[in-house]
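Each chain is listed here by its residues.
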Number of protein chains: 2
Amino acid sequence: MLTAMCVGKSIPRVDAFEKVTGRAKYTDDLCERNALVAKILHATIANGVVKKIDTEAAARLPGVVKIVTCFDAPDRPFPTAGHPWSTDPAHQDPTDRKLLNTRVRLYGDDIAAVIAEDEVAASRALRAMKVEYEEYPPLLTVEEAMAEGATQLHEGAPGNVLKHTAIEDGDFDAAITAAKEGGGLIEVASVYRTPIVQHCHIENAVSFAYMEQGRVVVVSSTQIPHIARRIIAQALGLPWGRVRVIKPYVGGGFGNKQDALYEPLNAWLTTLVGGRVVKLELSREEVFFGTRVRHGFTIHLKSYLRPDGTFVARRYAAYSNQGAYGSHGHSIAAKGTNVFRQLYNRNDVARKAEIWTVYTNTATAGAMRGYGTPQTVFAIESHMEDIVAQLGLDPIAFRFKNLMPVGYVDPFSKNTNFFPSFEQCVEKGKAYIDWDRKRALYRNDSGPVRRGVGMALFWYNTAVWPISIEVSSCRMVLNQDGSVQIQLAETEIGQGADTVFTQMAADAIGIRWEDVHAVTAQDTDVTPFGTGAYGSRQTYVGSAAIVQAAYLLREQILLHATRYTEKPVECLDLVGGNIIEKEGRVLCPLGELATDTLYHSEHAAHITAETTAQVKTNAYSFGCTFAEVEVDIPLAKVRLVNMVNCHDAGRLVNPLLAEGQVHGGMSMAAGFGMSEELLYDPVTGKPLNANLLDYKLPTMLDHPALKAIFVENPEPTSPFGTKALGEPPTVSGAAAIRNAVFHATGVAVNRIPLTPHVLFEAFRQAGLV
Amino acid sequence: MLTAMCVGKSIPRVDAFEKVTGRAKYTDDLCERNALVAKILHATIANGVVKKIDTEAAARLPGVVKIVTCFDAPDRPFPTAGHPWSTDPAHQDPTDRKLLNTRVRLYGDDIAAVIAEDEVAASRALRAMKVEYEEYPPLLTVEEAMAEGATQLHEGAPGNVLKHTAIEDGDFDAAITAAKEGGGLIEVASVYRTPIVQHCHIENAVSFAYMEQGRVVVVSSTQIPHIARRIIAQALGLPWGRVRVIKPYVGGGFGNKQDALYEPLNAWLTTLVGGRVVKLELSREEVFFGTRVRHGFTIHLKSYLRPDGTFVARRYAAYSNQGAYGSHGHSIAAKGTNVFRQLYNRNDVARKAEIWTVYTNTATAGAMRGYGTPQTVFAIESHMEDIVAQLGLDPIAFRFKNLMPVGYVDPFSKNTNFFPSFEQCVEKGKAYIDWDRKRALYRNDSGPVRRGVGMALFWYNTAVWPISIEVSSCRMVLNQDGSVQIQLAETEIGQGADTVFTQMAADAIGIRWEDVHAVTAQDTDVTPFGTGAYGSRQTYVGSAAIVQAAYLLREQILLHATRYTEKPVECLDLVGGNIIEKEGRVLCPLGELATDTLYHSEHAAHITAETTAQVKTNAYSFGCTFAEVEVDIPLAKVRLVNMVNCHDAGRLVNPLLAEGQVHGGMSMAAGFGMSEELLYDPVTGKPLNANLLDYKLPTMLDHPALKAIFVENPEPTSPFGTKALGEPPTVSGAAAIRNAVFHATGVAVNRIPLTPHVLFEAFRQAGLV
């Protein structure tokens with residue numbers, strides 16, 4: 001573990017001033033004023049085929065520069081998932097997207113595009129186009145899509161199943177048989193449902209594209225500039241080096257921008273107008289229906305237990321609603337499955353999991369913070385509470401009895417559970433929420449307004465190895481004053497990446513953080529390769545690249561210091577921005593050496609370092625959420641009274657930023673559990689609430705104070721002891737709230753969000769109202 | 001010498017499409033629309049002191065954000081010359097500039113600045129300010145400035161002499177004495193005068209500045225981004241790493257933008273308004289009086305010859321008009337002196353040179369294409385013709401008899417005259433201009449309109465070693481398709497640098513030029529260090545960096561190729577974008593290897609290379625200009641009938657671009673010789689023709705077809721055999737024209753430009769009119 005001078009301190013965000021003053025430049029801020037404006041014509045059916053588009057009237061409108069329809073677009077399917085490329089075809093992402101589609105697969109599918117001199121002209125042109133469709137009934141649920149006779153949405157996906165996998169750990173049937181013979185077996189089974197939700201990043205998807213020296217340049221609000229570049233090239237059939245992607249500041253992504261969204265279309269459009277600048281900015285409505293959403297899951301869980309409350313066998317079946325296009329596809333259901341397989345795997349419990357990822361006519365589901373685990377954890381942690389209730393167990397004791405043991409090593413990822421993180425987190429969470437007292441106290445509530453406390457654990461991996469490669473490259477550039485620019489492809493998308501990279505680089509190099517300048521914008525022409533913001537990978541993988549680059553930079557610095565100070569290199573060190581003798585005497589500031597070196601008449605050198613770190617480890621990030629709720633039974637309303645997330649994210653680089661990350665994740669979890677759901681008209685397949693008025697994203701007014709508590713077990717596989725922080729806080733909040741409602745009311749609600757509609761129905765069935 | 005596949009071919013400019021379509025982004029194109037606008041209040045006296053500036057009325061005007069005067073500016077002098085920094089104080093540039101000045105040293109000196117919401121408000125504020133001065137008589141010439149009792153313009157410069165140096169090669173007096181005794185001595189003496197001229201780049205000086213994360217960012221039309229950054233930091237008293245300079249496309253510089261012009265002031269202004277974007281764009285008039293000009297020289301030459309036409313001794317005294325501020329100072333006169341010392345140094349001729357660089361109240365003189373040599377060559381090559389006339393010699397034979405011999409090695413620079421370049425160039429020039437026939441034919445002209453042919457040699461160095469360091473760094477970034485980005489700090493300023501770098505990189509790496517993407521904009525945060533466009537250095541020094549980086553890139557590529565192809569590395573090569581076996585069989589395209597390497601599950605690497613090349617050689621670049629003129633004696637007008645420049649610039653990277661460079665240089669030489677001069681009112685010191693109407697820059701209509709002829713002796717010290725190309729064509733044109741007029745009329749005019757005023761006076765004195 002590296003000596004931490006700056007890591008561990010809550011330094012201010014390096015971009016704080018720019019962001020609070022509104023000066024930070026986002027994509028739209030950078031687009032030139034006379035850019036052409038593109039708008040997309042969206043289908044007004046959910047399932048069918050475009051027969052004809054009449055563009056004649058539209059093309060005659062003043063200001064309209066170009067109209068293209070799905071009949072003009074190249075027949076070249078491409079993948080959109082923001083995964084590292086794999087040269088193994090079997091490991092590549094679904095390749096089912098086209099720039100524009102004649103086969104309409106969702107209400108709002110992209111069937112034509114207009115390029116105009118301004119927004120008004122573009123909008124008028126959209127209204128002037130006439131479309132003829134052949135329409136099929138919309139398939140809005142997995143059940144409808146898998147039903148016999150359902151329209152097949154994609155070639156190669158019979159029954160609309162994108163992918164189906166089954167896994168068995170241990171001998172499932174034998175375990176059950178043995179347990180039955182050995183003293184009885186208790187069975188608990190339920191079905192859980194999670195909604196389609198949207199990321200709701202503040203900055204909508206926006207990009208602008210132009211051509212330069214025969215190449216296509218796309219400036220985009222993306223989490224994954226290097227991956228977006230590859231996908232754009234694939235979509236346009238260009239050599240990948242002919243595409244350049246620039247990523248300015250980004251106003252949130254949460255996984256939605258871990259897909260190539262409209263960058264390929266925008267890139268294509270500029271090529272149709274001779275490379276003029278074309279801007280393509282989505283409205284909030286388009287973001288809702290046309291970008292990505294979280295997969296709605298239907299999860300069947302069945303547990304077989306011994307009377308002592310230990311698992312014999314567990315069965316999991318999940319149906320993941322993929323929506324219209326493949327995007328990240330089956331990998332999201334698969335990641336969820338890993339929670340099932342690993343979280344409660346003690347005592348050689350047999351596990352059987354079967355998952356289906358199914359195309360429907362809803363919005364395309366893709367990556368979203370938590371990547372399948374919020375859904376699975378909602379099911380698993382609700383199910384744990386159902387077992388607890390059925391068996392009369394203590395919820396925490398029951399969990400610990402079956403929990404992944406310390407020392408566990410996952411045979412596939414080699415992930416190791418090094419610490420009793422769960423126990424430590426639960427201990428802190430219990431204390432904060434006053435668990436024991438309130439569990440006892442609220443049990444007796446019987447009035448119309450009751451309180452309850454609930455909890456749920458979460459499990460997460462850090463980064464994506466060994467599913468995909470994990471690489472990050474870093475370049476460092478030494479200035480004459482001893483300050484250093486650092487360049488990584490890992491992206492600042494609002495989460496504070498630039499700040500933690502700055503801190504880690506300062507410590508790794510041996511200079512003050514004020515002397516590290518993180519190059520915030522990525523430009524695939526000059527930014528060293530890395531894959532970007534996803535999988536809670538950046539601090540973990542990026543730190544490996546930073547440390548490796550710093551090692552190379554220091555090596556050069558100290559060799560030049562040997563020349564400059566005439567002392568042997570093994571006696572020298574770089575600490576706090578000074579070249580020192582190892583016993584501590586300052587020989588000169590780094591800046592003095594850097595200046596001498598750069599302008600030296602014999603040995604001039606610009607000291608820079610660049611290297612690729614390939615990370616072949618992964619790290620568990622564990623924790624729990626405790627929630628306290630107040631339920632108004634007659635009104636069927638839940639008020640979140642208190643919520644705490646306890647998390648072992650390894651060593652914290654910046655505690656204040658970490659806290660902010662957790663607060664955001666908890667808010668997202670609360671929305672997932674209590675209010676958010678993208679709804680569709682069952683007849684037309686039209687989204688009903690694709691805007692921030694009707695879609696109930698929680699705001700500050702809907703929350704109590706959110707509390708983040710950390711356990712800091714330094715992760716041994718990471719240079720600074722860090723591991724996943726960004727996504728895990730999103731994972732277990734919904735289950736904790738649901739379990740708190742269960743505690744308050746005795747009613748186990750198996751679907752979220754816990755809106756008044758859902759609760760009223762549940763309370764009615766339970767006889768409470 | 002490297003195998004040339006692409007070097008030597010006239011490929012189209014890589015930025016041709018962008019530039020002819022107007023799409024290339026220059027500084028002003030990139031400035032945001034709501035930037036604040038800064039304007040400078042210029043002094044309306046040429047010499048004196050600001051006593052008071054009343055800003056009250058101006059400050060009250062709507063839209064005025066901030067006014068600062070010379071009384072607010074920091075008392076921190078800084079240098080402006082675009083030279084590499086030297087850590088040796090004795091070798092640093094004059095440090096006599098402040099952001100705003102109370103001591104007025106030229107008409108138009110910067111005494112206050114306004115920052116306003118728009119140009120109108122800023123202009124109104126300028127007009128509303130009232131200034132009180134103490135005024136002294138303007139010192140417009142070296143003679144006035146050096147006269148006893150003249151006001152001293154700068155501390156530490158008594159007699160207004162910035163610097164004075166004297167050099168003697170051989171024993172001057174002994175040589176003369178010996179020659180007198182040995183058979184007679186002929187003496188020829190004259191005084192030559194050259195004008196103050198301006199660069200007249202199409203894009204005026206423009207920059208905009210803002211702050212980001214506590215640092216100052218300046219986007220500027222500069223030739224020297226890394227140097228400008230250092231100077232801005234010095235001017236503001238900031239650590240150098242706290243400044244970032246970005247250089248977009250540049251619309252010409254010719255040396256004027258090899259100075260920090262208004263970047264320091266602009267940088268300071270943004271710090272006064274909390275880092276808001278402030279744009280500072282000069283008008284053409286401000287460029288004329290307020291940026292830099294070419295030093296006017298007065299040169300005394302005296303030659304001592306034997307009757308056989310060989311030199312015994314030569315004496316040179318030059319007075320260089322520095323104008324108001326130090327800028328590049330004495331180095332320009334010094335460079336001119338080198339022509340005197342080296343061009344005719346055969347037969348152990350003794351040489352004595354004395355030079356003065358003198359402050360005056362005219363525009364600050366700085367670097368301009370040719371850097372002192374157009375002035376000196378005008379004197380020397382006119383003087384050669386005066387000797388020829390006096391002694392009745394053949395001008396070419398006389399020159400060759402005294403010329404620097406092949407094999408000469410300069411003891412200081414180690415520059416070596418490897419080839420009979422002069423002879424080869426003169427041969428071609430003679431043939432093109434039909435010299436022998438016309439020399440004889442025109443001698444008999446006696447009417448009012450006469451023709452003449454004249455010629456002059458030129459001498460130039462390549463780059464600045466060993467006067468200053470010569471470093472260039474290059475970074476190369478390999479893409480998945482086998483294409484490569486190249487990054488250098490050496491700048492494209494219109495001359496075609498990006499194109500020749502592209503060609504050289506293609507050959508050095510072993511790929512097609514279409515697969516090289518030159519990163520055209522420099523950004524000091526990420527661009528490897530280099531010093532920029534000056535001294536005709538970029539192709540020579542940049543090629544060393546390119547070749548060195550390509551070597552490192554190829555090393556990595558071939559090692560990965562060994563892994564990928566399982567063939568020993570010594571059997572592999574990279575040619576034409578393919579990995580081949582050395583006998584020629586293609587094993588795979590580079591792109592296939594690059595993709596495999598980047599995404600390899602075991603050995604993933606982003607292949608990049610970066611290195612600093614320090615060049616410790618220099619190369620002579622020689623040639624000549626021949627001119628044919630028609631002189632209308634009664635009208636005292638010269639028409640340039642034909643002009644050819646013959647140049648050994650080593651191997652040409654891109655012959656068509658080289659030709660364009662030469663044409664531009666010849667045009668500049670013609671203007672210098674015939675029409676250009678910045679004039680001052682002798683009483684007020686006010687510039688009289690600081691605009692493109694009254695200042696007579698030649699246009700296409702003023703020129704005959706300009707002919708460029710090359711001799712390509714590959715320079716042994718250069719990876720691709722190149723040497724100075726950009727500046728030399730400017731050097732000898734004026735003397736060639738002057739000598740042609742002499743041939744036509746028999747009148748030796750010793751000052752330029754040869755305007756009708758000058759010619760009429762000379763013809764009158766000669767009795768022709």
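All of the points below concern the structure found in this document. (Residues numbered from 1 in each chain as written. Chains lettered and ligands numbered in written order. Predicted model: local features only at pLDDT ≥ 70, side-chain atom pairs only at ≥ 80, totals over all residues. Heavy atoms only, no water.)

## Observations concerning the interface of chain B and chain A
Size of an interface, as often reported, equals the accessible area lost when the parts are brought together. Here is the rule we go by: Contacts: residue pairs with any heavy atoms within 4.5 Å of one another. Buried area is understood as the total, over both parts, of accessible area removed when two parts are fitted together, assessed with a 1.4 Å probe. Within this document, salt bridges are pairs made up of a side-chain nitrogen of Lys or Arg and a carboxyl oxygen of Asp or Glu, the two lying within 4 Å of each other. Side-chain classes follow a simple rule in which Ala, Val, Leu, Ile, Met, Phe, Trp, Tyr, Cys and Pro form the nonpolar group, Asp, Glu, Lys and Arg form the charged group, and the remainder, Gly included, forms the polar group.
Tallying the contact residues gives 63 residues for chain B and 63 residues for chain A. Counting each side, the surface lost to burial between chain B and chain A is near 5,000 Å², with a carbon and sulfur contribution of 46%. Where chain B touches chain A, the interface holds six salt bridges. Its salt-bridge partner being B:Glu32, residue A:Lys25 comes within 2.3 Å of it at the nearest N-O pair. For the side of chain B that touches chain A, the residue count by class is 20 nonpolar, 22 polar and 21 charged.

## Here we look at the sheet that holds strand β25 (residues 621–632) of chain A
In a beta sheet, neighbouring strands are held together by backbone hydrogen bonds and run either parallel or antiparallel to one another. Residue and element names in this part refer to chain A. Convention followed: Strands were regarded as paired on the criterion that DSSP finds at least two bridges between them. Strands are runs of DSSP state E lasting at least two residues, helices are runs of H or I lasting at least four, and both sets are numbered from the N terminus onward. Note on method: axes are straight lines fitted to C-alpha atoms, helices fitted across the in-contact stretch only, with angles between N-to-C directions ranging 0 to 180 degrees.
Here four strands make up an open sheet; going across it, the order is β16-β25-β26-β27 and the pairing mixed. In the strand order of this sheet, the two ends are held by β16 (449–460) and β27 (706–710), each with one partner. Ignoring which end each strand starts from, the neighbouring axes of this sheet average 15° apart. Across eleven bridges, β25 lies against strand β26 (residues 637–648) in antiparallel orientation. Following the sheet pairing, Glu 630 is matched in β26 by Arg 639.

## Digging into the sheet that holds strand β23 (residues 586–589) of chain B
Residue and element names in this part refer to chain B. One open sheet holds the three strands; their spatial order is β21-β22-β23, and the pairing between them is antiparallel. The open sheet terminates on both sides in strands that have one partner only, identified here as β21 (572–575) and β23. Direction aside, neighbouring strands of the sheet carry axes that sit 25° apart on average. In terms of strand pairing, β21 meets strand β22 (residues 578–581) through four bridges, oriented antiparallel. Each residue of the ladder has a partner; that of Leu 574, found in β22, is Ile 579. Strands β21, β22 and β23 of the sheet are contacted by helix α16 (residues 538–565), whose axis makes an angle of about 120° with β21. Packed on one face of the sheet, helix α17 (residues 590–598) meets β21, β22 and β23 and runs near 60° to β23.

## Here's the deal with the relation of the copies chain B and chain A
Under the convention used in this document: A residue counts toward the fit only if its pLDDT is at least 70 in both copies, and the copies are then superposed by least squares on the C-alpha atoms of those residues.
Mapping chain B onto chain A calls for a screw motion: a turn of 180° about the axis and a shift of 0.1 Å along it, with 0.1 Å RMSD after fitting. Viewed as a symmetry operation, the transformation between the two copies matches a two-fold axis. Most of the interface of chain B is mirrored in chain A, where 100% of its interface residues are also at the interface.

## Re the pairing of strand β18 (residues 484–488) of chain A
The side chains of a regular strand alternate, first on one face of the sheet and then on the other. Residue and element names in this part refer to chain A. The following threshold applies: Exposed residues in this analysis have more than 50% of their type's maximum accessible area, buried residues have under 20%, and partly exposed residues fall in between, with area computed by a 1.4 Å probe over protein chains only. Seen with its strands pointing away from the viewer, a crossover is right-handed when the path leading from the first strand over the helix to the second is clockwise.
For β18, the tally of buried residues reaches five of five residues, placing the bulk of the element in the interior. Residue alternation in β18 divides its side chains into two sets, Val 484, Ile 486 and Leu 488 and Gln 485 and Gln 487, and both sets are buried. In this structure, strand β17 (residues 471–478) lies alongside β18, joined through five bridges in antiparallel fashion. Within the sheet, the bridge partner assigned to Arg 475 lies in β18 and is Gln 487. Taking the residues between adjacent antiparallel strands as the criterion, β17 and β18 are bridged by five residues, where Gly 482 takes a positive phi near 85°. Alignment of β18 against strand β19 (residues 516–518), held across three bridges, turns out to be parallel. Each bridged residue has a counterpart across the sheet, and for Val 484 the counterpart in β19 is Val 516. For the crossover that starts at β18, traverses helix α15 (residues 497–509) and ends in the parallel β19, the hand is right-handed.

## Observations concerning the packing of aromatic side chains
Residues and elements named next belong to chain A. Applied cut-off: Each Phe, Tyr or Trp ring, with Trp reduced to its six-membered ring, pairs with another whose centre is within 6.5 Å; inter-plane angles below 30 degrees give stacked pairs, above 60 give edge-to-face pairs, and intermediate values give tilted ones.
Tallying each qualifying case throughout the model produces 34 aromatic pairs over all chains. Here the aromatic rings of Tyr 319 and Trp 356 are separated by 4.5 Å at their centres, their planes lie at 5°, and the arrangement is stacked. Here Tyr 319, found in strand β14 (residues 311–323), pairs with Trp 356, found in strand β15 (residues 350–359); they are 37 residues apart in sequence, far enough to count as distant. For Trp 356, a relative accessible area of 14% puts it in the buried group.

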